Amino acid sequence: MPSQPAETLVPPALLDAWQLEFSIHKPSRLLRRDIELVFRPDLQAEYERHPDGATAGTSLDDFLSSHLLAVPTWQPASLDLSEISDPVNEMRRGLLERFDEWCAAVRPALDPFWSDASCPVEGCAHFGSRTSVIYNELEGLTTLLKYQSVPVGCCGIVLHPSWGRQAYPVTFFTTAPLERLQLAIAAAEQSK
């Protein structure tokens, strides 16, 4: 199989009302396979439901190649999030709550298309059916955005080009058309 690199459809942009930066990408073939394993039950159901999927005779990989979008999000933080402390943990919880609020504003506008996010705490599906496979956020962010990473403990962190270690990333995924996703994001920004 020929390699398919990740493609940036919308470059990073800051949503002022949410204080959340996002970009939109078509994942590479290798990353798409990882995403499919993490979200398998729900992506399989989407493939079987979608008119361009199984009923059209399209392979799952071709369907995901055409429809799967990855939306890395970043939120600025006032603390170095690579540190381990109670204030850092509290800040992470607050940033996750803001991300969840943003998802609550975006996801309904994407129905009936599938959407989910990688859980920043456990690496599994944040909203949908969980599998035993963990999404590697570090690999995803470096593949999609080409940002630098540094080892920290047994893992590593991706450095945001402006905020460095003071940034909270979570990746959102959907099979919604690009235009629909952009409208949902714009509506969420206006409603904040």
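Placed above this text is the structure.
Within each chain, residues carry numbers counting from 1 in the order of the written sequence. Local features in a predicted model are, by the rule used here, given only for residues with pLDDT of at least 70; side-chain atom pairs are given and counted only at 80 or more, and totals for whole chains, interfaces and linings are based on all residues. Heavy atoms from the whole structure form the basis of all side-chain values; hydrogens and water molecules are not counted.

### Focus: the pairing of strand E2 (residues 20–26)
At step 1: Relative accessibility under 20% of the residue-type maximum defines a buried residue, over 50% an exposed one, and the middle range a partly exposed one, all with a 1.4 Å probe and only protein chains included. Helix numbers and strand numbers start at the N terminus; a helix is a DSSP run of H or I with at least 4 residues, a strand a run of E with at least 2. Of all the seven residues making up E2, six are buried; the element is thus mostly covered by neighbouring parts of the structure.
At step 2: One bridge is not enough; two strands pair if DSSP finds at least two bridges between them. By the bridge criterion, six bridges tie strand E1 (residues 7–15) to E2 in an arrangement that is antiparallel. Across the sheet, residue Val-10 finds its bridge partner in E2, namely Ile-24.
At step 3: Bridge analysis of E2 against strand E3 (residues 69–76) gives three bridges, and the strand direction is antiparallel. Residue Glu-21 lies in a different strand from E3, and its bridge partner there is Trp-74.

### Topic: the pattern of salt bridges
At step 1: Criterion for a salt bridge: a side-chain nitrogen of Lys or Arg within 4 Å of a carboxyl oxygen of Asp or Glu. Counted by the stated rule, this structure contains six salt bridges.
At step 2: In this structure, the salt-bridge partner of Arg-32 is Asp-61, at a minimum N-O distance of 3.2 Å. Residue Arg-32 is located in helix H1 (residues 29–38), and its partner Asp-61 is located in helix H3 (residues 60–67); the two are separated by 29 residues in the primary sequence.
At step 3: Between Glu-36 and Arg-40 there is a salt bridge, with its nearest N and O atoms 3.0 Å apart.

### Comments concerning H1
At step 1: Buried residues of H1: Arg-29, Leu-31, Arg-32, Ile-35, Glu-36 and Val-38, and no others.
At step 2: On its buried side, H1 packs onto helix H2 (40–49), H3, helix H5 (137–145) and strand E7 (167–174). Note on contacts: a residue pair is in contact if any heavy atoms of the two residues lie within 4.5 Å.

### Description of the packing of aromatic side chains
At step 1: Pairing of aromatic rings covers Phe, Tyr and the six-membered ring of Trp, with a centre-to-centre limit of 6.5 Å; geometry is then stacked below 30 degrees between planes, edge-to-face above 60, and tilted otherwise. Throughout the structure, instances matching the rule amount to seven aromatic pairs.
At step 2: Residues Tyr-47 and Phe-63 carry aromatic rings whose centres are separated by 5.7 Å and whose planes lie at 55° to one another, so their mutual orientation is tilted. Linking Tyr-47 in helix H2 with Phe-63 in helix H3, this pair joins segments that are 16 residues apart in sequence.
At step 3: Taking 5.7 Å as the distance between ring centres and 45° as the angle between the ring planes, the aromatic pair formed by Trp-74 and Tyr-147 counts as tilted. Linking Trp-74 in strand E3 with Tyr-147 in the loop between H5 and strand E5 (149–152), this pair joins segments that are 73 residues apart in sequence.
At step 4: Taken together, Phe-39, Trp-114, Tyr-135 and Phe-173 form an aromatic cluster joined through their ring pairs.

Honestly, that's just the spatial picture; any functional story needs more than this.
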